[in-house]
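Breakdown of the fold
Chain by chain, the residues run as shown.
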Amino acid sequence: MVNLDIALQSKFYANSPDKVLGPLSFSVSPGEFVALVGPSGAGKTTLLNMIAALQSCAPGEIKFNGYPLSGKPDCKIGYIFQQPRLMPWLTVADNLRLVKPDTTESDIEAILTKVGLAGKSDLYPKHLSGGMQRRVSIARAFLTEPDLLLLDEPFVSLDAPNADNLRALLGELWVEHQPTVIFVTHDLNEAIQLADRILFLSSAPAMVILDKPVDLPRP
Ligand code: ADP
Ligand code: ADP
């Protein structure tokens, strides 16, 4: 289980004068499910990329159980990107093996069955619908049994039944493995329904941390 401590200074991209993020700091407890809410452009994806070490957070710091990620090679991160980002030249099975090369045929079939894609292991991404590709990317993220799960708008662009299936699946997998979760969304209702705690990232930018407002009337 992973405890996260995030302390960031102001983030700018080289080609733009506008501040993207920060300064901000917050912590996430082991096994906590945190929603990160904010409008498009607030820096949510940038923040997830920094946590996943896909982008530098220097001179800020992000610590996993007290250590930078480079000092915690045993900490497994699952990242469900906004786009499925499957390798088009690899089959579904080989896309999964990219993150865990020793995965057996039967392990692949088991995880694919769990995401509703039994028997699809030999297909290429172009043979799958967007929702199916998304489910492969979810299987990929869960295959390594991550300690920390990063979700970037996983329900966007899915139709309602597919989004419902996916929500149920994530809930199931979460109960099974209990990873620490950071879930990015611009949908406050979704955040209220799923998360233990909601962090608001405004494009102002300033961050407010609220406990989940459980007493709000549900729509
Ligand atoms: P979101 O829907 O979260 O706002 P975007 O569609 O803005 O995501 O960004 C998708 C990807 O494109 C991200 O990896 C982001 O880093 C990159 N990106 C977004 N805006 C720019 C930009 N102005 N210049 C270069 N890359 C960008
Ligand atoms: P969000 O996920 O909240 O929509 P992003 O982190 O994707 O926000 O983007 C925050 C801001 O930074 C946006 O204005 C976006 O255009 C800009 N941005 C994102 N990635 C890049 C990049 N690689 N280069 C330049 N600007 C970027």
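Quick summary incoming for the structure in this document. Keep in mind that this is a model prediction, so the values were computed, not measured.

1. Quick notes on the site of ligand 1
The immediate surroundings of ligand 1 are formed by Ser-40, Thr-45, Gln-82 and Arg-85. Between ligand 1 and Thr-45, the relevant distance is 2.9 Å, taken from an oxygen atom to a side-chain nitrogen or oxygen of the residue. Within the side chain of Gln-82, a nitrogen or oxygen atom sits 3.1 Å from an oxygen atom of ligand 1. Isolated, ligand 1 exposes 550 Å² of accessible area, and the fraction of that covered by the protein chains is 32%. Residues that form the shell around ligand 1 fall into these classes: no nonpolar, three polar and one charged.

2. Re the nonpolar core
Residues Ile-80, Leu-96, Ile-138 and Phe-142 are the most contacted members of the largest nonpolar core, which totals 36 residues. Those elements giving two or more residues to this core turn out to be β5 (33-37), α2 (92-99), α3 (105-114), α4 (130-143), β9 (148-152), α5 (160-177), β10 (180-185) and α6 (188-194). Excluding residues within four positions of it along the chain, Ile-80 makes contact with Ser-137, Ile-138, Ala-141, Phe-142, Leu-149, Leu-150, Leu-151, Asp-152 and Leu-170. Membership of the second largest hydrophobic core comes to 29 residues, among which are Leu-24, Ala-42, Cys-57 and Leu-201.

3. Comments concerning the side chain of Arg-140
Turning to its location among the elements, Arg-140 is positioned in helix α4. Here Arg-140 sits buried without a salt bridge, and the closest side chain of opposite charge, Asp-152, lies 12 Å off (N-O distance). Within polar-contact distance, the side chain of Arg-140 engages the backbone oxygen of Arg-85 at 2.9 Å. Residues contacting Arg-140, with those up to four places away along its chain left out, are Phe-81, Pro-84, Arg-85, Leu-86, Asn-95, Leu-96 and Val-99.

4. Focus on the side chain of Ser-121
Mapped onto the elements, Ser-121 comes out in the loop between α3 and α4. Leaving out residues up to four positions away in the same chain, Ser-121 has contacts with Thr-91, Val-92, Ala-93, Ile-108, Glu-109 and Leu-112.

Conventions and cut-offs
- Residues numbered from 1 in each chain as written.
- Chains lettered and ligands numbered in written order.
- Predicted model: local features only at pLDDT ≥ 70, side-chain atom pairs only at ≥ 80, totals over all residues.
- Heavy atoms only, no water.
- Near = heavy atom within 4 Å.
- Polar contact = N/O pair within 3.5 Å; in protein donor to acceptor, adjacent residues only side chain to side chain.
- Areas by Shrake-Rupley, 256 points an atom, 1.4 Å probe, with all protein chains shown as cover.
- Nonpolar A, V, L, I, M, F, W, Y, C, P; charged D, E, K, R; others polar.
- Core = buried A, V, L, I, M, F, W, Y, C linked by side-chain atoms within 4.5 Å.
- Buried < 20%, exposed > 50% of the residue type's maximum accessible area, 1.4 Å probe, protein only.
- Helix = DSSP H or I, 4+ residues; strand = E, 2+ residues; numbered from the N terminus.
- Contact = heavy atoms within 4.5 Å.
- Lys, Arg positive; Asp, Glu negative; His and termini not counted.
- Salt bridge = Lys/Arg side-chain N within 4 Å of Asp/Glu carboxyl O.

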